[in-house]
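Structure at a glance
Residues per chain are reported as follows:
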Amino acid sequence: MLDVTAANEIAADTRVRANVVRLAAAQALTGANSAVIFATGAIVGATLAPDVSFATVPISMYVLGLAAGTLPTGAISRRFGRRMAFIVGTGLGALTGLLGSFAILHASFPLFCLATFLGGLYGAVAQSYRFAAADGASAAYRPKAVSWVMAGGVFAGVLGPQLVQWTMDVWQPYLFAFSFLVQAAVALIAMGIVAGVDMPKPAPADLHGGRPLLEIVAQPRFIAAALCGVISYPMMNLVMTSAPLAMKLCGLSVSDSNFGIQWHIVAMYGPSFFTGALIARFGARKVVAAGLLLEAGAACIGLSGITAMHFWATLVVLGVGWNFSFIGASALVLETHRPQERNKVQAFNDFLVFGMMAIGSFSSGQLLASYGWSAVNMVVFPPVLLGLAVLSLASFARRRKARLDAAMGEFPDAI
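Residues numbered from 1 in each chain as written. Predicted model: local features only at pLDDT ≥ 70, side-chain atom pairs only at ≥ 80, totals over all residues. Heavy atoms only, no water.

1. Describing the environment of Tyr233
- Mapped onto the elements of the fold, Tyr233 is located in helix α11 (residues 220-249).
- In sequence terms Tyr233 and Val266 are 33 residues apart; their C-alpha atoms lie 16 Å from each other.
- If we ignore the near neighbours within four places in the chain, the residues touching Tyr233 are Gln127, Trp322, Phe326, Val353, Phe354 and Met357. (Helix = DSSP H or I, 4+ residues; strand = E, 2+ residues; numbered from the N terminus. Contact = heavy atoms within 4.5 Å.)

2. Side note on helix α7 (residues 153-167)
- For α7, which comprises 15 residues, the first-to-last C-alpha distance of 21 Å matches the rise-based estimate of 21 Å (1.5 Å per residue) to within 8%.
- Of the positions making up α7, those classed as buried are Gly153, Val154, Ala156, Gly157, Gly160, Pro161, Leu163, Val164 and Thr167. (Expected span 1.5 Å × (residues − 1). Buried < 20%, exposed > 50% of the residue type's maximum accessible area, 1.4 Å probe, protein only.)

3. Topic: a nonpolar patch on the surface
- Nonpolar side chains collect at one region of the surface, where Trp148, Phe155, Phe273 and Phe274 lie side by side and expose about 440 Å² of accessible area between them.
- By the secondary structure assignment, Trp148 is in helix α6 (residues 142-151).
- You can call Trp148 partly exposed: its relative accessible area is 40%. (Patch = residues over 30% accessible without salt bridge, like charges linked within 9 Å, V, L, I, M, F, W, Y side chains within 5 Å. Areas by Shrake-Rupley, 256 points an atom, 1.4 Å probe, with all protein chains shown as cover. Salt bridge = Lys/Arg side-chain N within 4 Å of Asp/Glu carboxyl O.)

4. Considerations on the pattern of salt bridges
- For the structure shown, the criterion picks out two salt bridges.
- Across the salt bridge formed by Arg285 and Glu335, the nearest N and O atoms sit 3.9 Å from each other. In this pair, Arg285 sits in helix α14 (residues 284-304) while Glu335 sits in the loop between α15 (308-334) and α16 (342-371), placing the two residues 50 residues apart along the sequence.
- Relative accessible area serves as the criterion here: at 26%, Glu335 is assigned to the partly exposed category.

5. Quick notes on the packing of helix α2 (residues 57-80) against helix α3 (residues 82-105)
- Between α2 and α3, the least distance of the axes is 6 Å, while the angle of their chain directions is 135°. Classed by the angle they form, the pair α2 and α3 counts as oblique. Together, Thr73, Ile76, Ser77 and Phe80 of α2 and Arg82, Met84 and Ala85 of α3 make up the contact between the two elements.
- Taken together, the residues that form the contact of α2 with α3 break down as four nonpolar, two polar and one charged. (Axes fitted to C-alpha atoms, helices over the stretch in contact; angles between N-to-C directions. Parallel < 35°, antiparallel > 145°, perpendicular 65-115°, else oblique. Nonpolar A, V, L, I, M, F, W, Y, C, P; charged D, E, K, R; others polar.)

6. Comments concerning the environment of Gly69
- Relative to the helices and strands, Gly69 resides in helix α2.
- Classification of Gly69 by relative accessible area gives buried; the value is 5%.
- On a C-alpha basis, the gap between Gly69 and Pro383 in space is 25 Å, while along the polypeptide they are 314 residues apart.
- For Gly69, the residues in contact, after removing those within four places along its chain, are Leu121 and Ala124.

7. Comments concerning the packing of α6 against α7
- Viewed as axis vectors pointing N to C, α6 and α7 meet at an angle of 10°, and their least axial separation amounts to 5 Å. Comparing the axis directions of α6 and α7 gives the class roughly parallel. Along the contact surface, α6 presents Val149, Met150 and Ala151, while α7 presents Gly153, Val154 and Phe155.
- Taken together, the residues that form the contact of α6 with α7 break down as five nonpolar, one polar and no charged.

8. What to know about the confidence of the model for the chain
- With 91% of its residues at a pLDDT of at least 70, the chain reaches an overall mean of 84.
- Element-level mean pLDDT values for the chain span from 55 in helix α9 (residues 204-208) up to 95 in α14.
- A low-confidence stretch, residues 1-8 stays under pLDDT 50, and its non-local contacts, those more than four residues away or across chains, total zero contacts. (pLDDT = per-residue confidence, 0-100.)

9. Some points on the state of the cysteines
- Taken as a whole and judged by the stated rule, the model has zero disulfides.
- Cysteine Cys300 shares no disulfide, and the gap to the nearest cysteine sulfur, in Cys250, comes to 18 Å. (Disulfide = S-S within 2.5 Å.)

10. Comments concerning the nonpolar core
- In terms of nonpolar packing, the biggest core is built from 127 residues, with Leu23, Phe86, Tyr129, Tyr233, Trp322 and Trp373 touching the most fellow members.
- Broken down by element, this core gets its largest block of residues, 16 residues, from α11.
- Among all residues touching Trp322, those that are not within four sequence positions of it are Met150, Ser232, Tyr233, Met236, Met268, Tyr269, Glu295 and Ile327. (Core = buried A, V, L, I, M, F, W, Y, C linked by side-chain atoms within 4.5 Å.)

Listed below in structure tokens is the structure:
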């Protein structure tokens, strides 16, 4: 029986590895979409908006799209399968580029905000790539599958900002208009890749199986996992969103900004080549804690100076911290649900993360305009301390329960 089980796990992991390759490639191309928006959104916003304090609204609309798209992504995946959700998402990505280019050519701030909102919907679908990679994988391979898909973002860190650098001046005087048109073409390429992902539609029994969502999310380990995700991603987004405009206000060039965003994205995804191994060796909770501490360290660097080197170092350390904390938190979420519960639980987790990001993102422009770059960095510290405290309490509660179960001769509760 054990040999049969092991053989089934090997066969499942072989299929998963094929999916991981496609999803990692799609992650790279989708990441280019977000890189274009983050590298240009605040600058275009400052040009088109009626007031500079609204400059980061396009990026905030992207984040709002991320939040708004999470639950529909889960519903489509649950009803029609993940592959259909992926195809819909890439279609929205193509529309993002076309509408964004049109908005810049016609100097329409509302249309540009709508374009970035659609880009957020595309990004929400792409966020499910990491969870999709773990579908059907053995317990040992799941963290690695998540990590390898996220590693595709390394190429996004190179492709996205370079795409902006090569194309931003093509349609003078309409800065970045051609960049968005090329981004639409990149999204169509991603559509061709995700169309080949081997993920059949859910079985009818899976549509209504599993525990109620409220019961699942009330688990202390889910609360800790979701809270760490809610802290790590929004805090990273707050600093990253403000950085390009802050660099411009400090007299630095667009090229300096593009360089910083490029290496920030590389730092976000580069560690993914070994983050899964670190989780397997040290546990997800320790990796999450290390990531949160790195995000706090990035804020310290941001407070220490306003040269290009300070901004670049802040963005790089911030990216590594996000990688550890967010991938670790995602691995913790995978421990909280059964297979038939995955779509609703994962979608709800992402809704919490990106909903909080949307709230924080809308305040980032006002925070930067009213109080400066230092205030943006100071905001990072309280949430990070809260995340570390909750993570410690959850780990203590888990160890205490394990000791009590062992003393009573019981096995820990299965997922």
